[in-house]
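# An overview of the molecular structure
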Amino acid sequence: MASKLKGTLVVSTTAYKEDDEIEHICIREGIYCYRGSSADLLDRHYQTAKLFQADVVVKIPSDCPLIDPAIIDKVIGYFLKHKGSFDYVSNLHPASYPDGNDVEVMTMQALSDAWKNAARDLEREHTTPYLWENPDKFNIGNVALDGNDYSMSHRWTIDYPEDYQFIKRVDDALYHTNSYFSMKDILELLHKQPELMKINGHLAGVNWYRNHLNELKTVSQKQTRKLAI
């Protein structure tokens, strides 16, 4: 992992047999692996952090394979610069980076509070909504992309076959010259080859919020799109 501010790296995955291979890869590469609930990710992440005696937890989703290490460091750096001021810092509330560059940093105390008190299914499944949905209870910080908002136009995450094809094309074009290519490198590639945007462009802005707008207080219709059938 190319982040300069990383701490103990742990892959937190499910106990399902099909994820045995993930654990095998972690063992081979010398990476810690924790296995827990497939549905209650809040519990899985809490138990992971507890096992490794974390005081600060950085959550990077597994569906963000093109994440820029410099963006990870920017969010962690903001949290450290303002240490003691925030319980939770991300680049998601509101989002401005291309979807697939998700970074969330939280104190262990805040994660523990969420683990004890979060009751709604969406809060358990998505780990952190209890934190950012309660700004009156937690001090929330956000790191925005200067001058641009790509959150609804650029989709670099992976949920659908088209996402895989897009990511593969980007990786094939950039990895051989720089295995740690950046957000800027991808944007420059898309400027030169705009046809790549068409691979999964119809999915831009489609995220899990769309199914919970009536339950979320801090997310608006402008922050999600319905999946076109």
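Above: the structure in question.
Owing to the predicted nature of the structure, the values given are computational and were not obtained by experimental measurement.

Summed over all chains, the structure comprises 13 salt bridges. The salt bridge involving R35 is made with D20; its shortest N-O contact spans 2.8 Å. With R35 in strand β2 (residues 32-36) and D20 in helix α1 (residues 20-29), this residue pair connects regions lying 15 residues apart in the sequence. For D20, a relative accessible area of 23% gives the class partly exposed. The residue E23 makes a salt bridge to R35 at a minimum N-O spacing of 2.8 Å. With a gap of twelve residues between them, E23 in helix α1 and R35 in strand β2 connect regions that are remote in the sequence.

Further remarks concern the packing of helix α7 (residues 161-174) against helix α8 (residues 183-192). With their axes 11 Å apart at the nearest point, α7 and α8 run at an angle of 100 degrees to one another. With respect to their mutual orientation, α7 and α8 come out roughly perpendicular. The segment α7 lies against α8, with F166, V170, A173 and L174 engaging D185, I186, L189 and L190. Classifying every residue of the contact of α7 with α8 by side-chain character gives seven nonpolar, no polar and one charged.

Now for the sheet that holds strand β6 (residues 140-142). Taken together, the four strands give an open sheet; going across it, the order is β3-β5-β4-β6, and neighbouring strands pair in mixed fashion. Of all strands in the sheet, those with a lone pairing partner are β3 (56-59) and β6, marking the two edges. Each neighbouring strand pair of the sheet contributes to a mean axis angle of 15 degrees, computed without reference to strand direction. The pairing of β3 with strand β5 (residues 104-107) spans four bridges and is antiparallel. Its bridge partner being in β5, V56 is matched across the sheet by T107.

Take the state of the cysteines next. This model, assessed by the stated rule, comprises zero disulfides. Its sulfur unpaired, C26 is 4.3 Å from the next cysteine sulfur, which belongs to C33. The exposure class assigned to C26 is buried, which follows from its relative accessible area of 4%. In this model C64 remains outside any disulfide bridge; the closest cysteine sulfur is found in C26, 17 Å from its own. For C64, a relative accessible area of 4% translates into the label buried.

To continue, consider the pairing of strand β1 (residues 10-14). As defined by bridge partners, β1 adjoins β2 across five bridges and the pair is classed as parallel. Note on β2: the bridge partner recorded for V11 is C33.

Moving on to the packing of aromatic side chains. Tallied over the full model, the rule gives seven aromatic pairs. Considering the side-chain rings of Y46 and W115, the 4.1 Å spacing of their centres and the 15 degrees angle between planes classify their relative orientation as stacked. Note that Y46 is positioned in helix α2 (residues 41-51) and W115 in helix α4 (residues 108-117), a separation of 69 residues in sequence. Look at Y46 and you get buried, because its relative accessible area is 8%. Judged by its relative accessible area of 27%, W115 is partly exposed. The structure contains a cluster of three or more aromatic residues connected by ring pairs, namely W132, W208 and Y209.

Quick notes on the rules
Residues numbered from 1 in each chain as written. Predicted model: local features only at pLDDT ≥ 70, side-chain atom pairs only at ≥ 80, totals over all residues. Heavy atoms only, no water. Salt bridge = Lys/Arg side-chain N within 4 Å of Asp/Glu carboxyl O. Helix = DSSP H or I, 4+ residues; strand = E, 2+ residues; numbered from the N terminus. Buried < 20%, exposed > 50% of the residue type's maximum accessible area, 1.4 Å probe, protein only. Axes fitted to C-alpha atoms, helices over the stretch in contact; angles between N-to-C directions. Parallel < 35°, antiparallel > 145°, perpendicular 65-115°, else oblique. Contact = heavy atoms within 4.5 Å. Nonpolar A, V, L, I, M, F, W, Y, C, P; charged D, E, K, R; others polar. Pairing = 2+ DSSP bridges. Disulfide = S-S within 2.5 Å. Phe/Tyr/Trp six-rings, centres within 6.5 Å; stacked < 30°, edge-to-face > 60°.

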